[in-house]
Amino acid sequence: MAAPATPGTADGADRLVIENAYIATVDAAGTEYAHGHVVVAGGRIESVGAGPAPEGLTGVTRRVDATGHLVTPGLVNTHHHFYQWITRGLATDHNLFNWLVALYPTWARIDEPMTYAAARGSLAMMARGGVTTAMDHHYVFPRGSGDLSGAIIRAAAETGVRFTLARGSMDRGEKDGGLPPDFAVESLEGALAATEETIDRHHDASFDAMTQIAVAPCSPFSVSTELMREGAELARRKGVRLHTHGSETVEEEQFCKELFGMGPTDYFASTGWLGEDVWMAHCVHMNDSDIDAFARTGTGVAHCPSSNARLAAGIARVPDLLAAGVPVGLGVDGTASNESGELHTELRNALLINRLGPHREAALTARQALRLGTHGGARVLGRGDQTGSLEPGKLADLVLWRMDTLAHASIADPVTALVLGAPAPVTLSLVGGRTVVEDNHLTTVDEEAVARSTREAAQRLARIAAGG
């Protein structure tokens, strides 16, 4: 039976009706319908359930026969570095620290036009592949480079996805024992002031917000303790979330112990960086005590399996994190360590890579992987009540995946087909009820124009970095 209409939906509202689909709601009960419908009105989900849509609906502007399709919540990306889109395919055989040393001199030359082009490329690739909520952790702000945060936010608005900018920062340059060049880092005061200004200019706390801001110093090895501590205070004063990298490699753990006399999790606790308003990227090297601390405080994790493998960081203990109740979502991570740049790869690799760990075939199921990429990610970004599952009253962020083509038609279960099969064509992707992808093509931006601009930006950056 269909769920009731959203209370307060005005009679005569424009409605979009999707019928005859296999629907994976990813609600708390994991409800699925082999033949179901979704009704969208006023940018929200009005009803979802088995069988055809309710009779007598008014204002129906479009009906979609979704025979042969799987409908899911839109994918949610919880960790990325958009600017890296124009430095793909470099330092491909390095671990994290050596990779950073190799690439920071190039990244330190980015400017506003390059950042805008790279953001458009990153966003276009994700959106075309079913991402409806994206985030970017941008922490490289070379002096005189322009309004980089504004450029990224503009690119997200043009693409039409829901977006969180994690306004990053670094104040520990080479002269202070950090990895980035000194001219690519900010002062403590400058980073805090610029972050607060970004929040004041761009953060929207409303239910259907398209742009939100988080406070996001880069990592323990590129940020002073003062910036970590004062950044946390700033975020809580402004009522926004906190994000950083944590426990990514064994080298990071050794760095924290040598510099701070404690491991990463204890260091984060000492600076105010554990809590329900915090999520960390990677969290690969965590012991039982670390996991307990995250579970006890509600601290979230952005799991980035492809990047972790690319940089040989290790296998995160995702089954143990989930068993403890830690919020976990999926992240693409920067495309200098994940050249494909789309989230379907992370659904598949989260399942496959975790089965190489101690839990083997019991590590994750296909449906757990889908939950990581949808409701898990929404919860990590603090938007679990708004998106990430198909339920009446939630935002109409959803995707129709075509499952009747050569690649998927003979796979018995649609959810397994989506997670373990080849990337499925996106017949329709909606963000707040607005079409972003149709028939596997973006409707909001010109993909060919984006590709050209990213290629030109990559070539320009390479020339500048080489001194040309």
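Residues numbered from 1 in each chain as written. Predicted model: local features only at pLDDT ≥ 70, side-chain atom pairs only at ≥ 80, totals over all residues. Heavy atoms only, no water.

### Some remarks on the overall build of the protein chain
- Broken down by element type, the protein chain carries 14 helices and 17 strands.
- Its C-alpha atoms give the protein chain a radius of gyration of 22 Å, within 12% of the compact-globule value 23 Å for 468 residues.
- In terms of its C-alpha atoms, the protein chain occupies a principal-axis envelope of roughly 70 × 45 × 45 Å.
- Expressed as a percentage of its 468 residues, the buried residues of the protein chain come to 60%.
- Excluding contacts between residues fewer than 6 apart, the proportion of contacts in the protein chain whose partners are at least 24 apart in sequence is 73%.
- Total accessible area on the protein chain is roughly 17,200 Å²; 50% of this is exposed by carbon and sulfur atoms.
- Side-chain charges in the protein chain split into 38 positive and 56 negative, and the spacing between the mean points of these groups amounts to 2 Å. (Helix = DSSP H or I, 4+ residues; strand = E, 2+ residues; numbered from the N terminus. Rg over C-alpha atoms; globule rule 2.2 N^0.38 Å. Buried < 20%, exposed > 50% of the residue type's maximum accessible area, 1.4 Å probe, protein only. Contact = heavy atoms within 4.5 Å. Areas by Shrake-Rupley, 256 points an atom, 1.4 Å probe, with all protein chains shown as cover. Lys, Arg positive; Asp, Glu negative; His and termini not counted. Charge placed at Lys NZ, Arg CZ, Asp CG, Glu CD.)

### A short note on the sheet that holds strand β8 (residues 162-169)
- Read from one edge of the open sheet, eight strands run β6-β7-β8-β9-β10-β11-β12-β13, paired in parallel fashion. Edge positions in the open sheet fall to β6 (75-76) and β13 (328-330), since each of these has one partner strand only.
- Of the pairings in the sheet, the one linking strand β7 (residues 131-138) to β8 comprises six bridges and is parallel in character. By the bridge assignment for β8, D136 is matched with L165. (Pairing = 2+ DSSP bridges.)

### Quick look at the packing of aromatic side chains
- Here the structure, examined in full by the defined rule, presents ten aromatic pairs.
- Between the aromatic rings of F221 and F255, the centroid separation amounts to 6.2 Å while the plane-to-plane angle is 80°, which identifies the pairing as edge-to-face. Here F221 is found in the loop between β9 (211-217) and α5 (225-238), whereas its partner F255 is found in helix α6 (residues 250-260), with 34 residues between them in sequence.
- The class of F255 is buried, set by a relative accessible area of 19%.
- These aromatic residues form a ring-pair network of at least three members: F97, F221, F255, F260, Y267 and F268.
- Between R88 and the ring centre of W85, over which it is positioned, the NZ or CZ distance is 3.7 Å. (Phe/Tyr/Trp six-rings, centres within 6.5 Å; stacked < 30°, edge-to-face > 60°. Lys NZ or Arg CZ within 6 Å of the ring centre and 35° of its normal.)

### Focus on the UniProt feature "domain: Amidohydrolase-related" (unreviewed entry) in the protein chain
- What UniProt calls "domain: Amidohydrolase-related" (unreviewed entry) maps, in this numbering, to residues 70-405.
- The distance from the first to the last C-alpha atom of residues 70-405 is 12 Å, and the span holds 41% helix and 15% strand. (UniProt positions renumbered as here; feature names shortened; annotations may be inferred.)

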